[in-house]
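Geometric and topological summary
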Amino acid sequence: MRGDTTPASAGKRFVLPSSFIGSPRYMIENYQDAMAICRWAGYPDLFITFTCNAKWPKIELFLSRKPGQKIEDRPDVVARVFKIKLDQLLNDLKHGRHFGRVIAVVYTVEFQKRGLPHAHILLFLHSDDKHPTAAKIDKIILAEIPDLNKEPLAYDAVKQYMVHGPCESINSRASCMIENKCVKHFPKKFCFQTTVDNDGFPIYRRRDNGIYVERNGVKLDNRYIVPHNIDLLVKFQAHINVEWCNCSRSIKYLFKYITKGPDRATLILEENLHVDASTGMQNMTDTDEVKRYLNCRYMSAIEACWRIFEFEIHYRQPAVQRLRGRLDF
Ligand SMILES: [Zn+2]
């Protein structure tokens, strides 16, 4: 009975066990696993976001086999191709081809609503490669448009995948705009050289060198470039944001970010009108008594395929052995 607070009416508590992928306990366990790796390996050094490119030739090849076929018709192909590319990227990273010796990796795959998959990857480097200098960051992470004449491939890749915007005053209706501000804080400031501040945050070099790319008739310069590694970008031809993140304050945020779980929506089903049979008039009913709450989880077709294929949503290396306590479900 509503309003009755006696123990008999307190009801039972139903929980989703941690073995249920995406449940609160599952997310907490993954967060704790990531923290266990952190205790062993130190803070993560690089935060990489790898986004699927719908125009990868392999995906286009499959779509072209049937006239009129669109990407939403083949979520299975998107899932498989993204997994292949993600494995390749991880393989490259683990073999130290881009950033040095990697001792641990944690990643989470996410699916935007009706959108493409992307992976958030945390890389833990060998202790010799931690505490970078600005010069070292410049070697692995750039936030500038390459020279078209000297590096045409790099220029094309940055132009295609790593330009943010236009937003702010140029396009106030951009998807990144909330309350008239770009949530990603673009455009950044011009900066003559890379510096690392006292808190360990890098401020990437973004020189005012007159180089720009044009998008929708707007000239976008280095202030709009998302930090990246040029070798990865040219090889994988996709949006790959690379950020240096060796900072104690960001660690919990980052781990929560990669284990925050899928999008959820709370729907309230309520019937607040009824028709009086004798008069035919519509009356408002007491909505409190017909409220039902349904906690829904949206799963896109691509995520469904990913799960059917049993690809990992959360990955970590080295392995973490969980010691079961009595409170585990
Ligand atoms: Zn923006």
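An unreviewed UniProt entry lists the chain under the name Helitron helicase-like domain-containing protein, with Lithocarpus litseifolius as the source organism.

Considerations on the overall build of the chain
For the chain, the helix and strand inventory stands at 8 helices and 15 strands. Taken across its 329 residues, the chain has 40% of its residues classed as buried. Put simply, of all contacts in the chain between residues at least 6 apart along the chain, 68% involve residues at least 24 apart. As presented, the chain carries roughly 20,000 Å² of accessible surface, and 52% of it is formed by carbon and sulfur atoms.

Details of the nonpolar core
Counting residues in hydrophobic clusters, the biggest one holds 45 residues, and the most contacted among them are Phe 50, Leu 86, Phe 99 and Ile 121. The biggest single contributor to this core is helix α3 (residues 75–94), with 9 residues. Beyond its immediate stretch of four places on either side in the chain, Ile 121 contacts Leu 46, Phe 47, Ile 48, Phe 50, Leu 86, Leu 89, Leu 90, Val 105, Val 106 and Tyr 107. Listed in part, the 22 residues of the second largest apolar core include Tyr 155, Cys 167, Ile 225 and Leu 233.

A short note on the pairing of strand β2 (residues 102–111)
Burial of β2 is extensive: 9 of the 10 residues sit out of reach of the surface. Here 9 bridges tie β2 to strand β3 (residues 117–125), and the two strands are oriented antiparallel to one another. By the bridge assignment, Phe 111 is partnered in β3 with Pro 117. As judged from the 4 bridges shared by β2 and strand β15 (residues 314–317), these two strands associate in the antiparallel manner. Paired with Thr 108 across the bridge in β15 is His 314.

Here's the deal with the pattern of salt bridges
A complete count under the given rule lists 11 salt bridges for this structure. For the salt bridge of Glu 144 with Arg 205, the shortest nitrogen-to-oxygen distance reads 3.5 Å. Taken together, the positions of Glu 144 in the loop between α4 (134–140) and α5 (152–161) and Arg 205 in the loop between β7 (202–203) and β8 (213–215) put the pair 61 residues apart, joining distant regions of the chain. One salt bridge in this structure joins Arg 207 and Glu 144, with 2.8 Å as the shortest N-O distance. In this pair, Arg 207 sits in the loop between β7 and β8 while Glu 144 sits in the loop between α4 and α5, placing the two residues 63 residues apart along the sequence. Classification of Arg 207 by relative accessible area gives partly exposed; the value is 31%.

Some points on the environment of Arg 207
Once the C-alpha coordinates of Arg 207 and Cys 191 are considered, the two residues, 16 residues apart in sequence, prove to be 5.5 Å apart. When sequence neighbours within four positions are dropped, the list of residues in contact with Arg 207 reads Glu 144, Phe 190, Cys 191, Phe 192 and Asn 222.

Describing the packing of helix α2 (residues 57–64) against α3
Where α2 contacts α3, the two axes come as close as 10 Å, and the packing angle between them is 155°. In this view, α2 runs roughly antiparallel relative to α3, as classed from their interaxial angle. When you trace α2 past α3, the crossing you get is right-handed. When α2 is examined against α3, the residues Lys 58, Ile 59 and Phe 62 are found in contact with a partner set consisting of Val 77, Val 78 and Val 81. Taken together, the residues that form the contact of α2 with α3 break down as 5 nonpolar, no polar and 1 charged.

Cut-offs and rules
Residues numbered from 1 in each chain as written. Predicted model: local features only at pLDDT ≥ 70, side-chain atom pairs only at ≥ 80, totals over all residues. Heavy atoms only, no water. Helix = DSSP H or I, 4+ residues; strand = E, 2+ residues; numbered from the N terminus. Buried < 20%, exposed > 50% of the residue type's maximum accessible area, 1.4 Å probe, protein only. Contact = heavy atoms within 4.5 Å. Areas by Shrake-Rupley, 256 points an atom, 1.4 Å probe, with all protein chains shown as cover. Core = buried A, V, L, I, M, F, W, Y, C linked by side-chain atoms within 4.5 Å. Pairing = 2+ DSSP bridges. Salt bridge = Lys/Arg side-chain N within 4 Å of Asp/Glu carboxyl O. Axes fitted to C-alpha atoms, helices over the stretch in contact; angles between N-to-C directions. Parallel < 35°, antiparallel > 145°, perpendicular 65-115°, else oblique. Left-handed = near helix turned anticlockwise from the far one by under 90°. Nonpolar A, V, L, I, M, F, W, Y, C, P; charged D, E, K, R; others polar.

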